[in-house]
Amino acid sequence: QTAVTDSAAPRTKTLPDAQTVTEVRHYTDRLFYFRTTRPRSLRFRSGEFVMIGLPGENGKPIMRAYSIASPSWDDGLDFYSIKVQDGPLTSRLQHIKEGDEIILRPKPVGTLVLDALLPGKRLWFLATGTGIAPFASLMRDPETYEQYDEVIMMHTCREVAELDFGRQLIESLPEDPLIGEFVGDKLKYYPTTTREESKWMGRVTDNLTSGKVFRDLGLGAEQMDPATDRAMVCGSLDFNKDVMAIMEGWGLREGANSEPAEYVVEKAFVG
Ligand code: A2P
């Protein structure tokens, strides 16, 4: 018996904590999306992550942290992943097909949750690469729009095609029968690339410090205000560190579930 069940095989659950893959979409040779069934027992807050994986050669599962990219009201679970050719998990996970099974431990955790922020007016989602995944969940949570007047999604990738997953999702929101009304015109999207020409260019960090994103979106300020601006950050370690330094300089402090403040951070997970 191979690790992932053959698509043609009967769909009986063979793994502990097994979930069935219901959809797979490949975006680039390095990025893909997949959707699975959701365990009935799984309750989570938008922005949290779970451990998912596949059985290893020796029967011991290879598990990694993945942000849930779907909202908590959805009956399936979305994931957005990098493909690492020699990665222990993603070298194999990238080949999953509809009908295959993955292992999913139904114990959600994470810091990118609305509860870890003090009340505010404007919420910033700052991401690079697959770091957009938790925001794909939060951008579809009615709570986000009930708690904030304005939501800004800044996402930076090297190339235009790497923005597609986020762009398609965001463009579909106003027309979405479930969440469209909540989103209204509150969500502003600011995608940028750094190594290919596109409408808006440059790193999140540079566009914040130069004030460019504030001017381009007509926000009427040149920096975040700790009294009203809140932020959630998800990218590489270096990205997180650099964004935190900028926000600390503006007087925002890192919050946690136990002690809400002005921003929260999580590392984007890789395979
Ligand atoms: P750049 O092309 O200038 O390196 P990666 O693919 O290396 O994870 O990077 C994803 C995106 O994040 C790229 O657009 C990259 O810009 C940007 N990036 C990488 N490191 C940082 C950082 N420390 N601060 C801001 N942006 C960063």
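Fair warning: this is a prediction, and the values are worked out from it, not measured in the lab. (Residues numbered from 1 in each chain as written. Predicted model: local features only at pLDDT ≥ 70, side-chain atom pairs only at ≥ 80, totals over all residues. Heavy atoms only, no water.)

A few words on the pairing of strand E5 (residues 76-82). With respect to burial, E5 is a largely interior element, seven of its seven residues being buried. Of the two faces of E5, both are covered, the one formed by Gly-76, Asp-78, Tyr-80 and Ile-82 as well as the one formed by Leu-77, Phe-79 and Ser-81. Note: strand E2 (residues 31-37) against E5, seven bridges, orientation antiparallel. Bridging across to E5, Phe-32 finds its partner in Ser-81. (Buried < 20%, exposed > 50% of the residue type's maximum accessible area, 1.4 Å probe, protein only. Helix = DSSP H or I, 4+ residues; strand = E, 2+ residues; numbered from the N terminus. Pairing = 2+ DSSP bridges.)

Okay, the confidence of the model for the protein chain next. Per-residue confidence for the protein chain gives a mean pLDDT of 93; residues scoring 70 or more make up 94%. Per-residue pLDDT stays below 50 along residues 1-9; that stretch engages in 14 contacts with residues further than four places along the chain or on separate chains. (pLDDT = per-residue confidence, 0-100. Contact = heavy atoms within 4.5 Å.)

The sheet built from five strands is open, its strands ordered E9-E8-E7-E10-E11 with parallel pairing. This sheet does not close on itself; its edge strands, each paired only once, are strand E9 (187-193) and strand E11 (263-267). When strand polarity is set aside, the average angle formed by the axes of neighbouring strands in this sheet is 10 degrees. Contacting strand E8 (150-157) and E9, helix H4 (residues 164-172) crosses the sheet at an angle of about 160 degrees to E9. Across the sheet, helix H8 (residues 237-249) touches strand E7 (122-128), strand E10 (229-235) and E11, and the angle it forms with E10 is around 165 degrees. (Axes fitted to C-alpha atoms, helices over the stretch in contact; angles between N-to-C directions.)

As enumerated under the stated definition, the model contains 12 aromatic pairs in all. For the ring pair Phe-32 and Phe-34, a centre distance of 5.5 Å and an interplane angle of 25 degrees mean the geometry is stacked. Using a relative accessible area of 0% as the deciding quantity, one classes Phe-32 as buried. With centroids separated by 4.3 Å and ring planes inclined at 25 degrees, the aromatic side chains of Tyr-190 and Trp-200 adopt a geometry described as stacked. Taken as a pair, Tyr-190 in strand E9 and Trp-200 in the loop between E9 and helix H6 (204-209) lie far apart in primary sequence, 10 residues in all. In this structure Tyr-190 comes out as buried when scored by relative accessible area, which is 0%. Taking relative accessible area as the criterion, Trp-200 reaches 15% and is therefore assigned buried. An aromatic cluster of at least three residues, connected via ring pairs, comprises Tyr-27, Tyr-33, Tyr-80 and Phe-165. Sitting above the plane of the Tyr-33 ring, Arg-25 keeps its charged end 4.2 Å from the centroid. (Phe/Tyr/Trp six-rings, centres within 6.5 Å; stacked < 30°, edge-to-face > 60°. Lys NZ or Arg CZ within 6 Å of the ring centre and 35° of its normal.)

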